[in-house]
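# Remarks on the overall topology
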Amino acid sequence: MRDSTADDRLARWAFFLQWLKNPMGVAAVSPSSPQLARQMIAALPSGTTRIIELGGGTGAITEQLLLHGIPPQQLMVLELNEAMHQTLRQRFPDIRLHLANATDVHRLATESGFLHEAQADAIVSGLGLLSMPKPLQRDIVSEAFACLRPDGRFVQFTYGPASPVAREVLDDLKLTSRRVSFTWWNVPPATVYVYERQRSTAVQAQPMGRRAG
């Protein structure tokens, strides 16, 4: 049996080292708290069994998703940081894990066979969308919604005071936004937002060369 306490210490140390190397790219000084992860899980659609996680970090949310009962092979995780990717691989050897950019999520989900059986019920994200330019936000969110069932949800946490996805991006992709929870028990405090389609129509993935505006 794995030592969860040792895993947690390893994850926190790995996260802190990556923050020291790149404080602008890693927005927090510690992994997401279990309370934040549980709030994100509470925002999932009823009956969720297939999830894609963007920005797995060192696995704080991944762990809670598995404890919630999501089968490892029904959980696909993308992480761009190589050191964090290795930590995830050590902690969760049975999940579908990719060292990749979130802009490639639809291609990877398709090519790996994750979407062959069914579309994802939800996407959970720890990406720093708030600090990204709007064209990059649009690329990521449109690719994410291309993986989701018509009534699927994109669940995102942020450390900022407002929605991390720009209003122009939401309007362009015909999405709604709502704040669902807030927790002080995180470093720093965090808010959870849910994004959904305005109508039950697919949001098509856009070629990388196309930009809004």
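Reading guide: rules and limits
Residues numbered from 1 in each chain as written. Predicted model: local features only at pLDDT ≥ 70, side-chain atom pairs only at ≥ 80, totals over all residues. Heavy atoms only, no water. Helix = DSSP H or I, 4+ residues; strand = E, 2+ residues; numbered from the N terminus. Buried < 20%, exposed > 50% of the residue type's maximum accessible area, 1.4 Å probe, protein only. Contact = heavy atoms within 4.5 Å. Areas by Shrake-Rupley, 256 points an atom, 1.4 Å probe, with all protein chains shown as cover. Arc of directions from axis to C-beta. Salt bridge = Lys/Arg side-chain N within 4 Å of Asp/Glu carboxyl O. Core = buried A, V, L, I, M, F, W, Y, C linked by side-chain atoms within 4.5 Å. Polar contact = N/O pair within 3.5 Å; in protein donor to acceptor, adjacent residues only side chain to side chain. Pairing = 2+ DSSP bridges. Axes fitted to C-alpha atoms, helices over the stretch in contact; angles between N-to-C directions. Parallel < 35°, antiparallel > 145°, perpendicular 65-115°, else oblique. Left-handed = near helix turned anticlockwise from the far one by under 90°.

### What to know about the overall build of the protein chain
Counting its regular elements, the protein chain contains seven helices and seven strands. If you list the helices and strands of the protein chain from N to C, you get α-α-β-α-β-α-β-α-β-α-β-α-β-β. Per-residue burial over the protein chain gives 50% buried out of 213 residues. In the protein chain, 69% of the contacts between residues at least 6 apart in sequence involve partners at least 24 apart. As presented, the protein chain carries roughly 10,300 Å² of accessible surface, and 55% of it is formed by carbon and sulfur atoms.

### Side note on helix H2 (residues 34-42)
Those residues of H2 that sit buried are Leu-36, Ala-37, Met-40 and Ile-41. Along the axis of H2, the buried positions cluster into a sector of 140 degrees, meaning they face one direction only.

### What to know about the pattern of salt bridges
All chains considered together, the criterion is met by 10 salt bridges. Members of the salt-bridge network, linked through shared partners, are Asp-104, Arg-107 and Glu-111.

### Details of the nonpolar core
Residues Ile-52, Leu-54, Met-76, Ile-123 and Phe-154 are the most contacted members of the largest nonpolar core, which totals 31 residues. Core analysis: the next-biggest nonpolar cluster, separate from the first, contains 23 residues, Leu-36, Phe-92, Val-155 and Phe-157 among them.

### Overview of the side chain of Thr-62
With respect to the element layout, Thr-62 can be found in helix H3 (residues 60-68). Judged by its relative accessible area of 0%, Thr-62 is buried. In terms of polar contacts, Thr-62 uses its side chain to reach the side chain of Glu-53, at 2.6 Å. Apart from the residues lying within four places of it in its own chain, the contact partners of Thr-62 are Glu-53, Gly-56, Leu-75, Val-77, Leu-88, Phe-92 and Ile-95.

### Quick look at the pairing of strand S3 (residues 96-99)
Here strand S2 (residues 75-79) pairs with S3 via four bridges, running parallel. Among the inter-strand pairings, Leu-78 is bridged to a residue of S3, identified as His-98.

### Some points on the side chain of Gln-156
Note on placement: Gln-156 falls in strand S5 (residues 148-158). Separated by 2.8 Å, the side chain of Gln-156 and the backbone oxygen of Leu-127 make a polar contact. In this view, Gln-156 contacts Met-40, Ser-125, Gly-126, Leu-127, Leu-129, Pro-164, Thr-191, Val-192, Tyr-193 and Tyr-195; residues no more than four positions away in its chain are not counted.

### Regarding H3
Where H3 is concerned, the buried positions are Ala-60, Ile-61, Thr-62, Gln-64 and Leu-65. Buried residues belonging to H3 abut H2, strand S1 (51-54), S2, helix H4 (82-91), strand S4 (120-125) and S5. Looking one or two residues past H3, Gly-69 carries a phi angle of roughly 115 degrees, positive in sign.

### A closer look at the packing of H2 against H3
Between H2 and H3, the least distance of the axes is 9 Å, while the angle of their chain directions is 55 degrees. The angle between the axes of H2 and H3 places the two elements in the oblique class. Crossing hand, H2 versus H3: right-handed. Counted together, Pro-34, Ala-37, Arg-38, Met-40 and Ile-41 of H2 and Ala-60, Ile-61, Gln-64, Leu-65 and His-68 of H3 form the full contact between these two elements.

### A word on unusual backbone geometry
It is generally the case that most residues other than glycine have a negative phi and that most peptide bonds are trans. The phi torsion at Lys-174 lies on the positive side, around 60 degrees, for a residue other than glycine. Summarising the element assignment, Lys-174 is placed in the loop between helix H7 (167-173) and strand S6 (175-183).

### Regarding the environment of Val-77
In this fold, Val-77 is placed in strand S2. On the accessibility criterion, Val-77 (0% relative accessible area) is buried. Residues Val-77 and Leu-97 lie 20 residues apart in sequence; the distance between their C-alpha atoms is 4.9 Å. Ignoring any residue separated from it by four or fewer positions in sequence, one finds Val-77 in contact with Glu-53, Gly-56, Thr-62, Leu-88, Ile-95, Arg-96, Leu-97 and His-98.

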